[in-house]
Amino acid sequence: MDHMKKYIHRVDAKRLIIMVFGNVFLGMGISIFKLSGMGNDPFSGMVMALAEVTGIAYANFLILLNLVLFVIEFFMGRKYIGAGTFVNAILLGYIATFFHNTWLNLLGEPQLFWQRVVIVVIGVVVCSFGVSLYQTSNVGIAPYDSLSLIMKNNFPKISYFWHRMFTDALCALICFLSGGIIGLGTLVSAFGLGPIIHFFDVNFTKKLLAKSTKANSDSISMT
């Protein structure tokens, strides 16, 4: 109850709008990675692979999996739950699917290796921008993203980086075992997104949020 009161107090329309745009760009980035055919971020790649195995549409499977992960977040990381949790858990898959279908209709699948590499690079930038907007707005963390934060809370002597690496590595392994694509996109997502997200945090998102009428005094520590 106390958490909910604090949450309602700190949330304003501007942060909600930034969070929504962040999820749109994140979904766009996921769709670009998928278009490259060189692998997605570990979690998205795992979801796509498992969806393919089960015959369930990616967006629908993502919601089902998020329901399971949300139970963990609800009982062990309730302070991370907010509007962003539900927007990400419910809509991200549909946003990614929409953009992927759009790229296929407009551009078709890339045929040349250099084209795929360029698409991966674009995907990195777009994904990083989306993550920066969505997470820094601090109005709720997606069920999967909350796992490493919950682990950090329970095992504080281990840095957030290693908790995140563990969850991402596990997702990549499941993706591989399920017949999913592990490639350049996967490696870049696992190791390269952090610095670019930080760049957007410092040079864009935090400056944008600083202009908001309400400052967020309960920022979630990622370190």
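My aim in this report is to walk through the structure given alongside it, one point at a time.

Here is what the cut-offs are and how they apply
Residues numbered from 1 in each chain as written. Predicted model: local features only at pLDDT ≥ 70, side-chain atom pairs only at ≥ 80, totals over all residues. Heavy atoms only, no water. Salt bridge = Lys/Arg side-chain N within 4 Å of Asp/Glu carboxyl O. Helix = DSSP H or I, 4+ residues; strand = E, 2+ residues; numbered from the N terminus. Buried < 20%, exposed > 50% of the residue type's maximum accessible area, 1.4 Å probe, protein only. Core = buried A, V, L, I, M, F, W, Y, C linked by side-chain atoms within 4.5 Å. Contact = heavy atoms within 4.5 Å.

Topic: the pattern of salt bridges
Across all of its chains, the model carries two salt bridges by this definition. A salt bridge links arginine 164 to aspartate 145; the nearest nitrogen and oxygen atoms lie 2.9 Å apart. Of this pair, arginine 164 sits in helix 8 (residues 160-177) while aspartate 145 sits in helix 7 (residues 143-154), and the two are 19 residues apart along the sequence. Overall, the relative accessible area of 11% leaves aspartate 145 in the buried class. Among the ionic pairs, arginine 164 bridges to aspartate 168, the shortest N-O distance being 3.4 Å. You can see arginine 164 and its partner aspartate 168 sitting in helix 8, four residues apart, about one turn around the helix. Relative accessible area serves as the criterion here: at 8%, aspartate 168 is assigned to the buried category.

Overview of the nonpolar core
Buried together is how nonpolar side chains tend to be arranged in soluble globular proteins. Among the nonpolar cores identified, the biggest contains 36 residues, and Leu26, Ile30, Phe43, Val47 and Tyr58 are the most heavily contacted of them. The element best represented in this core is helix 3 (residues 42-54), accounting for six residues. Once residues within four sequence positions are removed from consideration, phenylalanine 43 is found in contact with Leu62, Leu65, Asn66, Leu69, Tyr144 and Cys171. Core analysis: the next-biggest nonpolar cluster, separate from the first, contains eight residues, Ile32, Leu35, Trp103 and Ile119 among them.

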